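# Working through the structure, step by step
Here is what each chain is made of, one letter per residue.
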Amino acid sequence: MTAASKFFMLLPMKIPALRILFLSFACWADVLAESPAPRAVEVAEEAIRRADATKLDGWAFTVTTTEEGKKTVETHNPAAPNEQRWTLVLKDGKPPTEKELRKYAEERRRARSKEQRLSSLVDKASLELEGEDAERLTFRFRMKSDGDDAKLLAGKIRGTLVVRRDGPNVESLEIANTEKISKAGVFSLSEFQTRIRFRPAPERPESLIESVTARVRGRALLVKSLDADTETTFSDFRWVGKP
């Protein structure tokens, strides 16, 4: 029984209507106090904040992307000069050409200003506890609908967020379409799935991205296939320190 319930039980019997009203309120206060959902949502929000605060700038690591059976490998070394921190090791399973290296360097320069955060994907007001056990909490959520592209996706995408209680830290985030996504005369997607997994950082109180898998099925301009299965893994993490 909550403090509210105990207080309302002390009301004199000679004002029954008032007591009944207060007891009704007390029952709802008990339910709200005992419900795990508000506290669980706070845990999820903290895990998202921690994930957003994690920076890869101080980590050396390897990124391996596999698509259509072809492998691309990149490395990141924060100890190197700014323009040399990222290195393209393999492009589609082969050593990169000079032209590919120049294009890669330009793409990396542009990518620095387009860092994606979980809070830009998850509408935190929509977080709803779906299940839990001793180690994890699982939530449903809606995607944020900022921008034209996001508005097109938001109503047709379901999201699942898994949070480890220790930390708390995000363990995985998955988005998948619930119906066909299309833009007249531009593209049509029958399947759109992305899953991001995280792992505890070695000897540091943070989580690091572990893998991103994506599956797309659809067409552009009614004829060009957009079908793709992509897997990107992040490995060989080694803390070097802030550059």
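Our structure's up above, just so we're on the same page.
Not measured: the values here are computed from a predicted model.

## Digging into the environment of Glu132
- Within the secondary structure layout, Glu132 lies in strand β4 (residues 128-132).
- Classification of Glu132 as partly exposed rests on a relative accessible area of 43%.
- The spacing of Glu132 and Ala40 is 92 residues in sequence and 9.3 Å in space, taken between C-alpha atoms.
- At a separation of 2.5 Å, a polar atom in the side chain of Glu132 contacts the side chain of Arg165.

## Some words on a positive patch on the surface
- Together, Lys91, Lys99, Arg102 and Lys103 line one region of the surface with positive charge.
- By the secondary structure assignment, Arg102 is in helix α4 (residues 98-111).

## Looking at the packing of aromatic side chains
- On inspection of all chains with the given rule, the structure shows five aromatic pairs.
- Measuring from ring centre to ring centre gives 6.0 Å for Trp59 and Phe237, while their planes differ by 90°; the resulting arrangement is edge-to-face. With a gap of 178 residues between them, Trp59 in strand β1 (residues 59-67) and Phe237 in strand β12 (residues 228-239) connect regions that are remote in the sequence.
- Positioned above the aromatic ring of Trp86, the side-chain terminus of Arg108 is 3.6 Å from the ring centre.
- The side chain of Arg204 reaches across the aromatic face of Trp239, ending 3.8 Å from its centre.

Rules used throughout
- Residues numbered from 1 in each chain as written.
- Predicted model: local features only at pLDDT ≥ 70, side-chain atom pairs only at ≥ 80, totals over all residues.
- Heavy atoms only, no water.
- Helix = DSSP H or I, 4+ residues; strand = E, 2+ residues; numbered from the N terminus.
- Buried < 20%, exposed > 50% of the residue type's maximum accessible area, 1.4 Å probe, protein only.
- Polar contact = N/O pair within 3.5 Å; in protein donor to acceptor, adjacent residues only side chain to side chain.
- Patch = residues over 30% accessible without salt bridge, like charges linked within 9 Å, V, L, I, M, F, W, Y side chains within 5 Å.
- Areas by Shrake-Rupley, 256 points an atom, 1.4 Å probe, with all protein chains shown as cover.
- Salt bridge = Lys/Arg side-chain N within 4 Å of Asp/Glu carboxyl O.
- Lys, Arg positive; Asp, Glu negative; His and termini not counted.
- Charge placed at Lys NZ, Arg CZ, Asp CG, Glu CD.
- Phe/Tyr/Trp six-rings, centres within 6.5 Å; stacked < 30°, edge-to-face > 60°.
- Lys NZ or Arg CZ within 6 Å of the ring centre and 35° of its normal.

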